[in-house]
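Descriptive structure summary
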Amino acid sequence: MRQPHRAILSISLLSISLAVALAASSTIAHAQAAATYDDLAKSEAAANAGNGKRVAPLKSIGNPTADVSSEMQAMIGAPYPPHFNADPKTPAEWKELIDRRAKLLIAGVPALKAKLGVKVEETKLAGVHCYIVTPNKIALENRRRLLIHVHGGGYVFGPGEAALPEAIMMAGFGGFKVISVDYRMPPDFPYPAAMDDAMAVWKEVLKSHEHRRLAIFGTSTGGAMTLAMVLRAKDERLPLPAAIAPGTPWSDIDKIGDSYASNEWVDNVLVTWDGWLGRAARLYANGTSLKNPYISPIYGDFKGFPPTILTSGTRDLFLSNTVRTHRKLRRAGVIADLNVYEGQSHAQYQFNADAPETKETFTDIARFFDRYLKQ
């Protein structure tokens, strides 16, 4: 009977030894982690001891969970889009990329129209192809109001119906009638074709609508064009809209602004200016200075602008564009609201109509317009 006791004693001693070893291992690991952090802190302090550029260590960033919906978390955690580093060399290659991306967006338009209860009609205004997006139910206070939509897409993406999702969401969530401008784009029509088309529509709409009942909105490129349209309207002494909503505007088309560096490779939509984005910028400008205020409206005069609401996210490559625009508007004495969403990359507030943040964004814009547009 002694042998089993010896076996039990041996197992017990082994268990104690393992527990002691694990505890020691844990202590050593903790000490190593602390030492690693201390070493990192010292090296980073040394690297950033002088004035000038900031040096940051390599790091990974997990999905935010606090106050972020599961639908939005899925978008925030998605991989880079396959076209982020596309480098078309010819007009034909640009058109192939543009058409391929457009087909993906157009495929979802019928379901989005049905979900949000809107109808879409094609028309031409001042010779420019447009879409009229009308919600099935329009509140009494919105029946004489009208929104002009200029779509995003880096001045190259979003032709035809591919431009409609944002306009449909604004009409559906906000209850406004919307005219979406299908402006001309590169490679066939570089600057100033897009702006000329948008302004032609603006002038045409002014013939039949009081400007105090009108607003202009758009995201990214559309945000920049919204700002540039106001600059051109001022320069041409045209009536201005009662309010505008430039979402995450590409207000500086050049690689200027803090978040072009801080959010590079973090934004999982645009990723980097040095991919397709910068190539599209140069294609659109077509030799015109990137500091031209009609291309980069941050360099324009914002005095006299209408009330403005801007939207961005903490991981947005254009966060600095949005923040710089907001500060310049405020410094010019303009009423300007700024909404920044936790964890969102570029324009993710309009990618999924089922995400609570999407409805929240467009509802905020609608309430802002309701505050400043005449009934």
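Shown above is the structure to which this text applies.
Residues numbered from 1 in each chain as written. Predicted model: local features only at pLDDT ≥ 70, side-chain atom pairs only at ≥ 80, totals over all residues. Heavy atoms only, no water.

Here we come to empty space enclosed by the protein. Tallying each qualifying case throughout the model produces 1 cavity of 30 Å³ or more. Going through the elements one at a time, β5 (214-219), β6 (243-247) and α11 (356-372) are the ones with two or more residues in the lining of the largest cavity. Considered class by class, the residues forming the lining of the largest cavity number 6 nonpolar, 4 polar and 1 charged. (1 Å grid on protein atoms, 1.4 Å probe; cavity = no way out; pocket = protein on both sides within 12 Å on 5 of 7 lines; lining within 4 Å. Points joined across faces, edges and corners; volume = space filled by probe spheres on them. Helix = DSSP H or I, 4+ residues; strand = E, 2+ residues; numbered from the N terminus. Nonpolar A, V, L, I, M, F, W, Y, C, P; charged D, E, K, R; others polar.)

Okay, the sheet that holds strand β4 (residues 178-181) next. The strands that make up a sheet pair up through hydrogen bonds in the backbone, lying either parallel or antiparallel. The sheet built from 8 strands is open, its strands ordered β1-β2-β4-β3-β5-β6-β7-β8 with mixed pairing. Each edge of the sheet is formed by a strand with only one pairing partner; in this case those strands are β1 (118-125) and β8 (336-341). On average, adjacent strands in this sheet sit at an angle of 20° to one another, irrespective of strand direction. In terms of strand pairing, strand β3 (residues 146-150) meets β4 through 4 bridges, oriented parallel. Note on β4: the bridge partner recorded for I148 is I179. Sheet strands touched by helix α6 (residues 193-206): β1, β2 (128-135), β3, β4 and β5. Its angle to β4, the strand with the most contacts, is close to 150°. (Pairing = 2+ DSSP bridges. Axes fitted to C-alpha atoms, helices over the stretch in contact; angles between N-to-C directions. Contact = heavy atoms within 4.5 Å.)

Further remarks concern the pairing of β1. Note: β1 against β2, 8 bridges, orientation antiparallel. Paired with T123 across the strands is C130, a residue of β2. Between β1 and the antiparallel strand that follows it, β2, lie 2 residues; A126 among them carries a positive phi value of about 55°.

So, about unusual backbone geometry. With an omega dihedral of 10°, the bond running from P186 to P187 counts as a cis peptide bond. Look at the link from Y191 to P192: it is a cis peptide, with omega at 10°. Relative to the assigned elements, P192 resides in the loop between β4 and α6. Positive phi, normally seen in glycine, also occurs at D67, with a value near 60°. We classify D67 as exposed; its relative accessible area is 79%. (Buried < 20%, exposed > 50% of the residue type's maximum accessible area, 1.4 Å probe, protein only.)

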